[in-house]
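Observations on the three-dimensional arrangement
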Amino acid sequence: MIEQYVVDLKEIDGTHVARVGGKGAHLGALARIEGVGVPEGFCVTTDAFRRTVAGAPSLAGLLDRLAGLDPDDRDEVRSLSAQIRGVIEDVELPEDLGAAVADGLARLGADVPCAVRSSATAEDLPTASFAGQQDTYLNVVGPAEVLRHVSRCWASLFTERAVTYRRRNGIDDRAVHMAVVVQRMVFPQASGILFTADPVSGNRKVATVDAGFGLGEALVSGLVDPDVFRVRDGEVLSRTVAAKQRAVQPLPGGGTHVVAVAGQQQRRPALTDAQVVELVRLGRRIEAHFGRPQDIEWCLAADGGFRIVQSRPITTLFPVPAADDRDNHVYVSVGHGQMMTDAMKPLGYSMWQLTALVPMQEAGGRLFVDVTARLAAPATRAGLLDVIGKGDPLVRDALETVLDRGDFVPSLPEAGADGAPPAGAGAGRSGAPGAVETDPAVVGELIERSRTSVAALERDIRTKSGPELFDYLEGAFEEHKRVVGDPLNMQAVMAGMEATWWLNDRLQEWLGEKNAADTLTLSAPGNITSEMGLALLDVADLVRPHRDVVAFLQDVHDRGVEDGGFLDGLAGLPGGPGVRKAIEDYLARYGMRCVGEIDITRPRWHERPGALVPVILDHVRNFEAGAAARRFEDGRRKAHDKAQEVLARLRALPDGDRKAEEAKRMIDTVRAFIGYREYPKYGIVSRYSLYKQALLREADGLVRAGVLPERDDVFYLTFQEFRDLVRSAPSASACASASASGSPSPSDAGDRSGRAGRLGELIRRRKEEFRSHQALTPPRVLTSEGEALTGAYRRDDVPPGALTGLPVSAGTVEGRARVVLDIADADLEPGDILVTTFTDPSWSPLFVGAAGLVTEVGGLMTHGAVIAREYGLPAVVGVDRATTLIQDGRRIRVHGTSGYVEILS
């Protein structure tokens, strides 16, 4: 292919990113939209960049060194990036490149002032905007100066901020090239930024315009505060006019300078309302062309017309679930109820959709339940708000914020049958405490039903493969939902929850005691998740006496070994065989669990047993033998004593015998059923582990058949896509037969090649989308207009400076905060308080060694809260930005009864 160093903007469109970079491709596409004015100019292509840097042989070695650096080593990244920039700026430009740029400038006019702007191949992309990562130079005059600034733009590909941004988005520095856009300068009356969606709330129907006098550098650099206009449906909703004391203006010979704005002008709006509305109308046209909300840089030229100098996608907006109508919808996050707000891969979220009891919509790799119908009908609205509010007051507040607007959710006479509270498993407030007999045998019967169903699944799924497996799984999903949705199962789960709520409400009313149920539920029988945490203490008891085993496991941890191969190394150590059997027995009962376990694509403990090693080592270090039994018995005794105390105090009240009798019935109910609250999730995850093993066998077959390069690639397909691929793909044995009998026909080979190419592109795109989804924070509540609502506690009983949250486990504890974002990195000492984003059941072994708990996500009946109460840990959940605001190692005080956290000096 003939190298081309300069391409006119008129010849460029959105398909030319590899040659002109993201900014150049977008500007070329913008220039093709009718009614959109783009300053004329040209691009210095990536061919020119590659040709030039080829003249710097030392660059390849420097880039290899950069690729090998630890991303967190800021000093080394800064130093090496500076070296790379120096090499690029010093390299001599080829003569023919200089001539091509001079020709391009001549077409714009002799010595016409230009803007010289970086345009990297990884820039202005749908998943990463790279806004402000590379350099722009304004009012550059003459060929020599333009060429000098082209070199500076190339070098800016390796600013520290650009390198760090690429690392964060999974982009290899060596794979990125730089083009440079050269455009005729616009000397504007005003300039600024237009967001076609509200960048704060995410509302896609509200546009925001930032405006200031002169060149836009004053706003971009933070030199002045902009005027801010918010526009919806052609009307200005609000305007804030700032005192714009300075502006950036061009210098006559090139470059720019800061000038003072005359006093009487400072408070004058940079745009009239009519101009703002016209600009937003132009922005909507651009948004429609690109198919997604845009961040647009604009100028108001001297002729009164707008010029667009850049448009990039807004990559920070949380996506909106797809709907088949244009009605208003309100969605509630499933992940917040499940204590797992990380992005899920397509196979993960599609499997959860297929096995959930209520319809769920995907957006941003997360799942949401549409609660619009239940909010619209007064008959179901109060119940929905009540049960959601008891679990997570922030979700309730967010929903009430939407309802208070009056017109977003229309009031209907009656709701539909769907839209149950989005707890993930679909549990609704269908059973009052008295709806199921307070008999432990009920729990035993339910557990036996679940075990029988899982055993049948394990027996039958082994015999299935190929398309037959997927047919079988579709039936298995129905059985899955039948077990979870069993009315007796629902009643048992709700009986424990309702009894907890009843006790907390009544005992506060009658005795003035907050959260009394927290003590009454200590060491409740049959809690599979708390048993899992205590069982790892028993494993640690077997490890502790054997110094060689402890040293071996410490080495496994230090080397980051996660797969199960390390278990073989225990065989030759004194005490090793017994430890190995204990770990294997633990995995046989709990190995289907893992962090983020609702996502079937996450590696289970039986796949990576090394994930348990750091917790075992913590237990060896921090506990003495027999701690599990002592802790459980201590909790059981405290719960018994608390029950006797409460009943005695109630009997001393007016009408005390009746109150004590009702409380005794509720205490018996909560002790009988609250432990079972955790079992349905255990049954679900047990089934998920079996589904995954069968699906991975199919993935292995696709790899052997040459359909997929790696088995984990199926994680980026939905279940339905995986099924269709298996049905259409040749088996491994068929491929082997074809190979033995000779070459396939050219048409067959071509068809397979085409399918493989489309599949590879789909998986590549899904991987890129997943990376972008990981960077997004999901809202608790999301509307169909894109507005993300987080809710507020609206409390006035929290001390100044304290962090507000939801009290879920009573008590007060002071200690060292350990901010843990990955359970594998946990290193708890006695008295430490665990601070993290969320905790699903897989975190329970870590709770055993913690003195308290603080999380960003959670509710009264989510798994972390239930286990915190089981273990008697003071806990506050739903603390916004806790892992950011609380520094690791800082002393904090957790008020688990009142629901706030103090950061101590």
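Residues numbered from 1 in each chain as written. Predicted model: local features only at pLDDT ≥ 70, side-chain atom pairs only at ≥ 80, totals over all residues. Heavy atoms only, no water.

**Comments concerning the overall build of the chain**
Helices and strands together make up the secondary structure of the chain, namely 32 helices and 26 strands. A globule of 905 residues ought to have a C-alpha radius of gyration of about 29 Å, and the chain, at 31 Å, matches this closely. Seen through its C-alpha atoms, the chain measures out along the principal axes to roughly 95 × 80 × 55 Å. Counting the 905 residues in the chain, one finds 55% classified as buried. Carbon and sulfur atoms make up 50% of the accessible area of the chain, which totals about 37,300 Å². (Helix = DSSP H or I, 4+ residues; strand = E, 2+ residues; numbered from the N terminus. Rg over C-alpha atoms; globule rule 2.2 N^0.38 Å. Buried < 20%, exposed > 50% of the residue type's maximum accessible area, 1.4 Å probe, protein only. Areas by Shrake-Rupley, 256 points an atom, 1.4 Å probe, with all protein chains shown as cover.)

**Overview of the packing of helix H18 (residues 487-511) against helix H24 (residues 627-651)**
H24 packs onto H18 with a crossing angle of 50 degrees between their chain directions and a minimal axis gap of 11 Å. The pairing of H18 with H24 is recorded here as oblique in orientation. When the axes of H18 and H24 are compared, the crossing they make is left-handed. Between H18, through Leu507, Trp510 and Leu511, and H24, the contact on the second element is made entirely by Val646, Arg649 and Leu650. (Axes fitted to C-alpha atoms, helices over the stretch in contact; angles between N-to-C directions. Parallel < 35°, antiparallel > 145°, perpendicular 65-115°, else oblique. Left-handed = near helix turned anticlockwise from the far one by under 90°. Contact = heavy atoms within 4.5 Å.)

**Some details on the pairing of strand E26 (residues 900-903)**
Here strand E19 (residues 803-804) runs beside E26; their pairing, made up of two bridges, is antiparallel. Of the residues in E26, the one forming a bridge with Leu803 is Val901. Counting the residues between successive antiparallel strands, the hairpin from strand E25 (residues 891-895) to E26 contains four residues, one of them, Gly899, with a positive phi of roughly 85 degrees. (Pairing = 2+ DSSP bridges.)

**Here's the deal with unusual backbone geometry**
Positive phi values are uncommon outside glycine, yet Met339 reaches one of about 55 degrees. Assignment of secondary structure puts Met339 in the loop between helix H11 (334-338) and helix H12 (346-355). Overall, Met339 belongs to the buried group, its relative accessible area being 1%. Positive phi values are uncommon outside glycine, yet Arg794 reaches one of about 55 degrees. Residue placement: Arg794 occurs in the loop between strand E18 (788-789) and E19.

**Section: the side chain of Arg677**
With respect to the helices and strands, Arg677 occurs in the loop between helix H25 (656-673) and helix H26 (679-704). Of the side chains with opposite charge, Glu678 lies nearest to the buried Arg677, which makes no salt bridge, at 4.3 Å. Setting aside anything within four residues of it in sequence, one finds Arg677 in contact with Val493, Met497, Met861, Thr862, His863 and Val866. (Lys, Arg positive; Asp, Glu negative; His and termini not counted. Salt bridge = Lys/Arg side-chain N within 4 Å of Asp/Glu carboxyl O.)

**Let's talk about the sheet that holds strand E3 (residues 114-120)**
Pairing is antiparallel in the open sheet, where five strands are placed in the order E1-E2-E5-E3-E4. Because the sheet does not close on itself, it has two edges, and the strands there are strand E1 (6-8) and strand E4 (136-140). The average angle at which neighbouring strand axes cross in this sheet is 25 degrees, direction not considered. Relative to strand E2 (residues 41-44), E1 is paired through three bridges, and the arrangement is antiparallel.

**Remarks on the nonpolar core**
Within the largest apolar cluster, 169 residues are counted, with the highest numbers of intra-cluster contacts made by Leu399 and Tyr691. If we skip the residues at most four places from it in the chain, Leu399 touches Val330, Val332, Val371, Leu375, Leu385, Ile388 and Val781. Membership of the second largest hydrophobic core comes to 42 residues, among which are Ala48, Ala56, Val77 and Ile88. (Core = buried A, V, L, I, M, F, W, Y, C linked by side-chain atoms within 4.5 Å.)

**Concerning helix H1 (residues 17-31)**
In this model, H1 (15 residues) spans only 15 Å end to end at C-alpha, well below the 21 Å of a helix rising 1.5 Å per residue. The sharpest bend along H1 measures roughly 80 degrees and falls at Lys23. Buried within H1 are the following residues: Val20, Gly21, Gly22, Lys23, Gly24, Ala25, His26, Leu27, Gly28, Ala29 and Leu30. Packing partners of the buried residues in H1 comprise E2, E3, strand E5 (178-184), helix H10 (273-290), strand E12 (294-300) and strand E13 (306-313). (Expected span 1.5 Å × (residues − 1). Bend = angle between axes of the 7 residues up to and from the residue.)

**A closer look at the pattern of salt bridges**
Within this structure, the stated rule accounts for 72 salt bridges. One salt bridge in this structure joins Arg449 and Glu445, with 2.4 Å as the shortest N-O distance. Residue Arg449 and its partner Glu445 are located together in helix H16 (residues 440-461), separated by four residues, close to a single helical turn. When its relative accessible area of 36% is taken as the criterion, Arg449 is described as partly exposed. One salt bridge connects Arg637 with Asp641, and the closest N-O pair in it is separated by 3.8 Å. Residue Arg637 and its partner Asp641 are located together in helix H24, separated by four residues, close to a single helical turn. In this structure Asp641 comes out as partly exposed when scored by relative accessible area, which is 39%. Residues joined in a network through salt bridges with shared partners are Arg74, Asp75, Arg78 and Glu160.

**Looking at the packing of aromatic side chains**
For the coordinates displayed, the defined rule picks out 15 aromatic pairs. When the centroid spacing of 5.1 Å and the interplanar angle of 70 degrees are considered together, the rings of Phe470 and Phe722 count as edge-to-face. Taken as a pair, Phe470 in helix H17 (residues 466-484) and Phe722 in helix H27 (residues 719-728) lie far apart in primary sequence, 252 residues in all. Assigned by exposure class, Phe470 and Phe722 land together as buried. Chaining the aromatic ring pairs together yields one cluster made of Trp352, Phe470, Phe477, Tyr688, Tyr691, Phe719 and Phe722. (Phe/Tyr/Trp six-rings, centres within 6.5 Å; stacked < 30°, edge-to-face > 60°.)

**Describing the environment of Val798**
Residue placement: Val798 occurs in the loop between E18 and E19. Between the C-alpha atom of Val798 and that of Tyr900, which follows or precedes it by 102 residues, the distance is 6.8 Å. Here Val798 is in contact with Thr804 and Tyr900, once residues within four sequence places are set aside.

**Some words on the packing of helix H20 (residues 528-543) against helix H31 (residues 863-871)**
Packed helices, taken two at a time, are described by the angle between their axes plus the distance between the axes. For the pair H20 and H31, interaxial distance at closest approach is 9 Å and the crossing angle is 60 degrees. Relative to H31, the element H20 lies oblique. Judged by the twist between their axes, the crossing of H20 over H31 is right-handed. The segment H20 lies against H31, with Thr529, Ser530, Gly533 and Leu534 engaging Ile867, Glu870 and Tyr871. Here the residues of the contact of H20 with H31 sort into three nonpolar, three polar and one charged. (Nonpolar A, V, L, I, M, F, W, Y, C, P; charged D, E, K, R; others polar.)

**A closer look at the sheet that holds E25**
Within the open sheet, the eight strands sit side by side as E19-E26-E25-E21-E22-E23-E24-E20. Their pairing is mixed. The open sheet has two edge strands with one neighbour each: E19 and strand E20 (806-809). In the sheet, strand E21 (residues 812-819) pairs with E25 via five bridges, with the strands oriented antiparallel. Following the sheet pairing, Arg816 is matched in E25 by Arg891.

**Considerations on the confidence of the model for the chain**
Overall, the prediction assigns the chain a mean pLDDT of 89, with 93% of residues at 70 or greater. Every residue in residues 415-434 scores below 50 in pLDDT, and together they form 52 contacts with partners more than four places removed in sequence or on other chains. (pLDDT = per-residue confidence, 0-100.)

**Re a negative patch on the surface**
A grouping of Asp70, Asp72, Asp73 and Glu76 is seen on the molecular surface, where their side chains present a negatively charged patch. Mapped onto the secondary structure, Glu76 falls in helix H4 (residues 74-90). Of the residues examined, Glu76 reaches a relative accessible area of 34% and is grouped as partly exposed. (Patch = residues over 30% accessible without salt bridge, like charges linked within 9 Å, V, L, I, M, F, W, Y side chains within 5 Å. Charge placed at Lys NZ, Arg CZ, Asp CG, Glu CD.)

**What to know about the state of the cysteines**
Working definition of a disulfide: a covalent bond connecting the sulfur atoms of two cysteines. A complete count under the given rule lists zero disulfides for this structure. Sulfur of Cys43: no disulfide; nearest cysteine sulfur belongs to Cys153 and is 11 Å away. Note on Cys43: relative accessible area 0%, which makes it buried. For the unlinked cysteine Cys114, the closest cysteine sulfur is that of Cys153, found at 12 Å. (Disulfide = S-S within 2.5 Å.)

**Examining the environment of Met340**
Note on placement: Met340 falls in the loop between H11 and H12. Met340 sits in the buried class, given a relative accessible area of 1%. Linking Met340 and Asn622, residues 282 residues apart in sequence, is a C-alpha distance of 28 Å. Discounting residues that sit within four places of it in the chain, Met340 has contacts with Gly335, Gly596, Ile598, Asp599, Arg602, Phe838 and Asp840.

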